[in-house]
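Coordinate analysis (summary)
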Amino acid sequence: MNPVRASAYLSLVGGSLAQLAAMAVATTAVLLAGLATPPVHAQGRGPGGYPVKPVRLVTAGVPGGTTDIVARVIAPRWAEELGQTLLIDNRAGAAGLIARDVVARSVPDGYTLLMTNQAIVFAAAMHPSGAEGLARDFAAVAWLGVSPNMLVANMAVPARTVAELVALLRAREMSYASGGVGSSTHVAMELFLRTTGTRALHVPYKSAGAGITDVVAGHVRFMITTLPAALPYVRNGKLRPIALTGAQRSPALPELPTLAEAGVRGYLFDTWYGVFGPASLPAASVGWINGTVNRTLADGALRERLGDSGVEAGTGTPEFFRKLVRDDVSRWTRAMKDIGIRPE
């Protein structure tokens, strides 16, 4: 995994572009520590003969949404490593709260796991209990990788570049879609508006997928969403791509520039993906499941499939992932407060 891409988590704690760059560099060091750890090849079954029955993977999104796409790409190969059937259970809504609640309340035996992105961090950042509350509900099991987000617009919007969109935003009121208040799509757009000194009307949806549908239909004009979710619409000519939010271009869409290339300096916002279990999941089970995920992601053909979907696969230990989550909650709590995002 490219360390520059891995570092792309924007923070507005200090406000200056130099401080933003410093935060990105600091995050790079943390991510590289996790990536340097080689996969642990477990032998045979897990603790207590686990798994002896199908494992349910709850995804915080609709079918065809970003986490669902990632889950369905890795599920067949991961099932081989588990030696058991992996069932994908889509529980969309409430910015991922429904899916998180299902897993948090499940029996901590490894048979119910959560596939999500860093929306789980934004939810924790908006809650008074923050990182401590997140740790009380979930065990960080495995980090899967990262993808850039993409600024997209309805095909009728008279803007093909970032400069043209910014000019349009300054000339008229426009609406943007998100997957809900405090979702990653909401935070990403508010940071973009703040960075460019523009304004737009926020239209929150129950999921980012529902927002994309309405951008395609023209009910709202634009949004920032994950590359895997928007890519099929872009390739089919139903959404206009404007720019990527990562530090470099994506092999999945190499002709599309980054926001930095388009003149929006200091804006970096990628989305990571990961697997969680209920908080009381035993450490031995966490470690064994982590090993199966790491071996799954070491498969070259699978990594290529993820890359075609806009996701750059990565691996790490549970300890690495736990630290990443904790640090992200702290960082985004400050950033979201700074830009004025509050629970409704």
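Scroll up to find the structure this text is about.
These figures come from a predicted structure and were not determined experimentally. (Residues numbered from 1 in each chain as written. Predicted model: local features only at pLDDT ≥ 70, side-chain atom pairs only at ≥ 80, totals over all residues. Heavy atoms only, no water.)

Before going further, it helps to spend a moment on the nonpolar core. Of all hydrophobic cores here, the largest spans 52 residues; its most connected members are Phe192 and Trp332. Examining the composition of this core, we find that nine residues originate from one element, helix H13 (residues 318–339), more than from any other. If we ignore the near neighbours within four places in the chain, the residues touching Phe192 are Leu151, Val162, Val166, Leu169, Ile224, Leu259, Val264 and Tyr267. With 31 residues, the next largest nonpolar core counts Ala79, Tyr111, Leu144 and Ile289 among its residues. (Core = buried A, V, L, I, M, F, W, Y, C linked by side-chain atoms within 4.5 Å. Buried < 20%, exposed > 50% of the residue type's maximum accessible area, 1.4 Å probe, protein only. Helix = DSSP H or I, 4+ residues; strand = E, 2+ residues; numbered from the N terminus. Contact = heavy atoms within 4.5 Å.)

The next point concerns the pattern of salt bridges. Counted by the stated rule, this structure contains twelve salt bridges. Across the pair Arg77 and Asp299 runs a salt bridge, and its minimum N-O distance is 3.1 Å. Pair noted here: Arg77 is in helix H3 (residues 66–82) and Asp299 is in the loop between helix H11 (283–297) and helix H12 (300–308), with a separation of 222 residues, a long-range link. Residues joined by salt bridges that share partners form a network here, namely Arg77, Glu80, Glu81, Arg295 and Asp299. (Salt bridge = Lys/Arg side-chain N within 4 Å of Asp/Glu carboxyl O.)

Next up on the list: helix H8 (residues 184–196). Over its 13 residues, H8 extends 18 Å from the first C-alpha to the last, a length consistent with the 18 Å expected when each residue adds 1.5 Å. The buried fraction of H8 amounts to ten of the 13 residues, a majority that puts the element mostly inside the structure. Those residues of H8 lying buried are Ser184, Thr185, His186, Val187, Ala188, Met189, Leu191, Phe192, Leu193 and Thr196. (Expected span 1.5 Å × (residues − 1).)

All right, on to empty space enclosed by the protein then. Using the criterion set out here, one finds one cavity of 30 Å³ or more in the structure. One number sums up the size of the largest cavity: a volume of about 330 Å³. Lining the largest cavity are 25 residues; nearest its centre among them are Ala60, Gly61, Asn117, Ser207 and Ala208. Counting residues per element, the ones that place at least two in the lining of the largest cavity are H3, strand E3 (112–117), H8, helix H9 (208–217) and strand E7 (222–226). Looking at the lining of the largest cavity residue by residue, the classes come out as seven nonpolar, 16 polar and two charged. (1 Å grid on protein atoms, 1.4 Å probe; cavity = no way out; pocket = protein on both sides within 12 Å on 5 of 7 lines; lining within 4 Å. Points joined across faces, edges and corners; volume = space filled by probe spheres on them. Nonpolar A, V, L, I, M, F, W, Y, C, P; charged D, E, K, R; others polar.)

The next thing to look at is the environment of Ala153. Checked against the element boundaries, Ala153 lands in strand E4 (residues 138–153). With 71 residues separating them in the primary sequence, Ala153 and Ile224 have C-alpha atoms 8.8 Å apart.

Turning our attention to the packing of H8 against H13. Two elements in contact, H8 and H13, have axes separated by 11 Å at closest approach and are oriented at 55°. Considering the angle they form, H8 stands oblique to H13. Between H8 and H13 the crossing geometry is left-handed. From H8, Val187, Glu190, Leu191 and Arg194 reach across to H13, where they touch Trp332, Met336, Asp338 and Ile339. (Axes fitted to C-alpha atoms, helices over the stretch in contact; angles between N-to-C directions. Parallel < 35°, antiparallel > 145°, perpendicular 65-115°, else oblique. Left-handed = near helix turned anticlockwise from the far one by under 90°.)

Turning our attention to the packing of aromatic side chains. As enumerated under the stated definition, the model contains eleven aromatic pairs in all. When the centroid spacing of 6.2 Å and the interplanar angle of 70° are considered together, the rings of Phe138 and Phe276 count as edge-to-face. With Phe138 in strand E4 and Phe276 in strand E9 (residues 270–278), this pair connects stretches of sequence that are 138 residues apart. Across the pair, Phe276 and Phe138 agree in class, each one buried. Look at Phe192 and Tyr267: their rings are 6.5 Å apart centre to centre, the planes differ by 80°, and that puts the pair in the edge-to-face class. Of this pair, Phe192 sits in helix H8 while Tyr267 is found in the loop between strand E8 (240–244) and E9, placing the two residues 75 residues apart along the sequence. Put simply, the rings of Phe138, Trp272, Phe276 and Phe321 pair up and form one aromatic cluster. Positioned over the ring face of Tyr111 is Lys53, at 4.8 Å from the centre of the ring. (Phe/Tyr/Trp six-rings, centres within 6.5 Å; stacked < 30°, edge-to-face > 60°. Lys NZ or Arg CZ within 6 Å of the ring centre and 35° of its normal.)

With that settled, consider the layout of surface pockets. Of the pockets and cavities examined, the largest pocket occupies roughly 650 Å³. Going through the elements one at a time, helix H4 (97–104), helix H5 (119–125) and helix H6 (130–137) are the ones with two or more residues in the lining of the largest pocket. Residue composition of the lining of the largest pocket, grouped by class: 15 nonpolar, eight polar and seven charged. Roughly 340 Å³ of volume is contained in the second largest pocket. Forming the walls of the second largest pocket are 18 residues, and the residues nearest its centre are Ala135, Phe138, Ala139, Ala140 and Arg322. Listing elements by their share of the lining of the second largest pocket, those giving two or more residues are H6, E4, H11 and H13.

For Ala167, the location among the structural elements is in helix H7 (residues 162–171). A C-alpha to C-alpha distance of 9.0 Å links Ala167 and Thr198, two positions 31 residues apart in sequence.

The next point concerns H4. Think of an α-helix as turning once every 3.6 residues; residues three or four places apart then point the same way. By the burial criterion, the buried members of H4 are Ala99, Arg100, Val102 and Val103. Taken end-on, H4 shows its buried residues confined to a sector of 160°, consistent with a single buried face. For H4, the elements touching its buried residues are strand E1 (55–59), E3, H5, E4 and E9. (Arc of directions from axis to C-beta.)

Below, the discussion takes up the environment of Gln118. As for its placement among the helices and strands, Gln118 is situated in the loop between E3 and H5. On the accessibility criterion, Gln118 (0% relative accessible area) is buried. Along the primary structure Gln118 and Thr271 are separated by 153 residues, whereas in three dimensions their C-alpha atoms are 6.4 Å apart. A polar atom in the side chain of Gln118 sits 2.7 Å from the backbone nitrogen of Trp272. (Polar contact = N/O pair within 3.5 Å; in protein donor to acceptor, adjacent residues only side chain to side chain.)

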